[in-house]
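In case you want the letters, here they are:
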Amino acid sequence: MDAQTNLSLKNFNTFGIDVKAKQFIEIQSVDELKHVLKRFYTEEIFVLGGGSNMLLTKDIEKTVLYINNKGISIIEENKNESIIEVQSGENWHEFVMWTVNNGYGGLENLALIPGHVGTAPVQNIGAYGVELKDTFVSCRAIHRQTLDEKLFHLEDCKFGYRQSVFKSLLKDQYIITSVRFKLTNQNHKIQTEYGAIKSELSKMQVGDPGPEEVAKAVIAIRQSKLPDPKEIGNSGSFFKNPVIPTNQFKDLKSVYEDIPSYNIDENHVKVPAGWLIEHSGLKGYREGDAGVHKKQALVLVNYGNASGQDILNLSVKVQGKVRDKFGISLEAEVNIF
Ligand code: EPU
């Protein structure tokens, strides 16, 4: 558990932003985490997981705790279902592939999402009709100040669209150390209603897909339009898809007939931010090394040496254009520091 000083975080955030951490400590176990938390005041630490949902705009003048505890274990198993516990520092996609390769179902639609397992519940990661909350059982977390260990059950987490208690009421209070999922061993609940999955599976000539085939389809779709952070820095969707009043949507629809939407409830509709950005003329737009991705306008990218501030400036420009054209405010999905 060595401490390093003035370490570049370029390889620890998927945007590939080159800022420095005043001090950096890698944590490999819950005991190590407790030990370190005892030494610092809460405001002196910065918790880092996979670094896949953040934009760093300046050096971190704090002690960065890199949560890297590993391990996957089967807690309970019957004919139909298993409870799997996974430690926070595991890479999310590698964990998903472990489940798929071992015959478990439930996480296959969430393949190839960057980040670590421990931060996945914070924003209730989701893709292709499935969200983390659908298989989540509980997570363990440590209070940053009191060091109390708490078990959070599904209902305690208040999951919503890219939302949880860890992002709202309990923001910055707990560090998640492990997560439990309930996965199927047979009779898998295959979710292919999301249009792109169906067409990808038929391209693959798969008639009766299992978790493995669905994961393959999801990987193919994501690879075809989302940039690989190892090649082009990015944090996935930079903005949330905005939810707007149905009346406002009707007005927009009368002008833009092909605007896509998902019904939320009687009075609200979700509109894809990527569509709004594209139709504001910004898909593929670039300012220096900061850009709007060519194939998916919801993703902002770092072509190499953009600073966090460059990306932030671009995001403000995108928000301004979308507001001017559609009267809709886009909210960042990534955390900006
Ligand atoms: N669209 C455009 N232009 C674009 C991008 C999208 O017109 O440049 C349109 C598409 O044609 C489609 C609609 O917008 O009609 C939705 O696009 P897509 O299916 O790609 O999904 P999304 O709403 O852009 C969301 C998630 C993604 C997730 C996909 C698939 C959010 C903020 N993003 O994107 O999550 O992979 O659905 O389920 O909810 C992430 O959070 O990092 C992420 C990648």
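Being a predicted model, the structure only gives us computed values, none of them experimental.

Attention now goes to the nonpolar core. With 43 residues, the main nonpolar core has Leu-9, Leu-276, Ile-277, Ile-311 and Val-318 as its most contacted residues. Of all the secondary structure elements, the ones that give two or more residues to this core are strand E2 (20-27), strand E3 (45-48), strand E4 (54-55), strand E5 (60-67), helix H5 (246-255), helix H6 (273-278), strand E18 (290-292) and helix H7 (308-326). In terms of residues, this core owes the most to one element, H7, which gives 6 residues. Composition of this core by domain shows at least three residues from each of domain 1 (3-67) and domain 3 (233-336).

The next point concerns the sheet that holds strand E6 (residues 72-77). In spatial order, the strands read E6-E7-E12-E10-E11; together these 5 strands make up an open sheet with antiparallel pairing. A single partner strand is all that each edge strand has here, and the edge strands are E6 and strand E11 (149-153). Shown here is a sheet whose adjacent strand axes are inclined to one another by a mean of 20 degrees, direction ignored. Relative to strand E12 (residues 174-184), strand E7 (residues 81-87) runs antiparallel, the two sharing 7 bridges. Residue pairing for E12: Ile-84 is matched across the bridge by Phe-181. Each of strand E10 (136-143), E11 and E12 touches helix H1 (residues 30-39); the most contacted strand, E10, lies at about 35 degrees to it.

As a matter of local geometry, the ligand sits amid 22 residues, with Tyr-128, Tyr-161, Arg-162, Tyr-194 and Glu-278 nearest to it. One of the side-chain N or O atoms of Arg-222 is found 3.4 Å from an oxygen atom in the ligand. In the model, an oxygen atom of the ligand is placed 2.9 Å from a nitrogen or oxygen of the Lys-225 side chain. Looking at the shell around the ligand element by element, the count peaks at 3 residues for H6. Of the residues that constitute the shell around the ligand, the class distribution is 11 nonpolar, 5 polar and 6 charged. Looking at which domains feed residues into the shell around the ligand, each of domain 2 (72-225) and domain 3 (233-336) gives three or more.

Take the sheet that holds strand E16 (residues 268-270) next. Spatial strand order, E14-E16-E15: 3 strands in an open sheet with antiparallel pairing. For this open sheet the edge positions go to strand E14 (243-245) and strand E15 (262-265), each flanked by a neighbour on one side alone. Each neighbouring strand pair of the sheet contributes to a mean axis angle of 35 degrees, computed without reference to strand direction. Across the face of the sheet, H5 comes into contact with E14 and E16 while running at roughly 90 degrees to E14.

Domain boundaries assigned for the protein yield domain 1 (3-67), domain 2 (72-225) and domain 3 (233-336). Spacing between the C-alpha centres of domain 1 and domain 2 amounts to 24 Å. In this assembly, 15 residues from domain 1 lie in contact with 16 residues from domain 2. Carbon and sulfur atoms supply 68% of the area buried between domain 1 and domain 2, which totals about 1,300 Å² over both sides. In this assembly, domain 1 and domain 2 are joined by 1 salt bridge. Between Glu-149 and Lys-34 there is a salt bridge; the shortest N-O distance is 3.1 Å. For the pair domain 1 and domain 2, the interface holds 2 residue pairs in polar contact (both at pLDDT 80 or more). Of all the elements in the fold, those that place two or more residues in the side of domain 1 that touches domain 2 are H1, E3 and E5. When residues in the side of domain 1 that touches domain 2 are grouped by element, the largest group, 5 residues, is from H1. When the residues that make up the side of domain 1 that touches domain 2 are grouped by side-chain class, the tally is 7 nonpolar, 6 polar and 2 charged.

Rules used throughout
Residues numbered from 1 in each chain as written. Predicted model: local features only at pLDDT ≥ 70, side-chain atom pairs only at ≥ 80, totals over all residues. Heavy atoms only, no water. Core = buried A, V, L, I, M, F, W, Y, C linked by side-chain atoms within 4.5 Å. Buried < 20%, exposed > 50% of the residue type's maximum accessible area, 1.4 Å probe, protein only. Helix = DSSP H or I, 4+ residues; strand = E, 2+ residues; numbered from the N terminus. Domains from an automatic or database assignment. Pairing = 2+ DSSP bridges. Axes fitted to C-alpha atoms, helices over the stretch in contact; angles between N-to-C directions. Contact = heavy atoms within 4.5 Å. Near = heavy atom within 4 Å. Polar contact = N/O pair within 3.5 Å; in protein donor to acceptor, adjacent residues only side chain to side chain. Nonpolar A, V, L, I, M, F, W, Y, C, P; charged D, E, K, R; others polar. Buried area = accessible area lost by both parts, 1.4 Å probe. Salt bridge = Lys/Arg side-chain N within 4 Å of Asp/Glu carboxyl O.

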